[in-house]
Amino acid sequence: MANPNLQDIIEKQVLTVAKAVEDKIDEEISALDRLDLDDIEALRERRLQQMKRMAEKRSRWISLGHGEYTEIPSEKDFFSAVKASDRVVCHFYRDNWPCKVMDKHMSILAKQHIETRFVKIHAEKSPFLADKLKIAVLPTLALIKNAKVDDYVVGFDELGGTDEFNTEDMEERLAKAQVIFFEGESSQNSSKSSAQTRSVRQSESNDSSDSD
């Protein structure tokens, strides 16, 4: 049987919390009641401006190739792409089955996450770039933010070690790296060693005469 004194304390704590929540709700209702027509119009105008800015942003993303999963034809085009978009997922691939599996998931996510550009580049036809970014295993995803490679997804090891992972598994991994927007627990920062970060701009500023 519970200690009567302890039970009283718990009941008082519950009532205190409930009262605080009730007071907060009452306060919000009162604030809404105090709004006049000018306040409502100001809120409406603010919302319209937010929607306009988002529409402009989406239009710009689409103009840059967001919303589709496309191939970058050359190494020089890679540098142009990562400078133009704040967030880029680049799949370094060759023509094999694992890379085709990655293509499938990238195609789906490109349509779902228009805020990020999804591209692929043939690793064996991009020796300068693959060497500078230390691409050794295919498929590899380079996760790029603000023109810097911030993280990598190498093969399928982080996805269960099999090609049967779900698109949602990949989505969660990219969200942890904050290269896509995702409302959920997976949006938490993932810890990464600074050794994983390589500057794309620095790679370009080095001798790029090897690239076509």
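It should be noted that the structure appears before, not after, this text.
Read on for an overview of the structure. Just so it is clear, the structure is predicted and the values come from calculations on it, not from any experiment. (Residues numbered from 1 in each chain as written. Predicted model: local features only at pLDDT ≥ 70, side-chain atom pairs only at ≥ 80, totals over all residues. Heavy atoms only, no water.)

The next point concerns the side chain of His 113. Here His 113 is to be found in the loop between helix H4 (97-112) and strand E3 (117-122). Using a relative accessible area of 5% as the deciding quantity, one classes His 113 as buried. Side-chain polar atoms of His 113 contact the side chain of Glu 171, separated by 2.7 Å. When sequence neighbours within four positions are dropped, the list of residues in contact with His 113 reads Phe 118, Glu 171, Ile 180 and Phe 181. (Helix = DSSP H or I, 4+ residues; strand = E, 2+ residues; numbered from the N terminus. Buried < 20%, exposed > 50% of the residue type's maximum accessible area, 1.4 Å probe, protein only. Polar contact = N/O pair within 3.5 Å; in protein donor to acceptor, adjacent residues only side chain to side chain. Contact = heavy atoms within 4.5 Å.)

The next subject is the packing of aromatic side chains. By the definition in use, this model includes three aromatic pairs. Considering the side-chain rings of Phe 78 and Phe 79, the 5.6 Å spacing of their centres and the 80° angle between planes classify their relative orientation as edge-to-face. Residue class for Phe 78 comes out buried when judged on its relative accessible area of 0%. Ring centres of Phe 78 and Phe 92 lie 6.2 Å apart, and the angle between their planes is 55°; this geometry places the pair in the tilted category. In this pair, Phe 78 sits in helix H3 (residues 75-84) while Phe 92 sits in strand E2 (residues 87-93), placing the two residues 14 residues apart along the sequence. Both residues of the pair, Phe 78 and Phe 92, belong to the buried class. By way of ring pairs, the aromatic residues Phe 78, Phe 79 and Phe 92 are connected into one cluster. (Phe/Tyr/Trp six-rings, centres within 6.5 Å; stacked < 30°, edge-to-face > 60°.)

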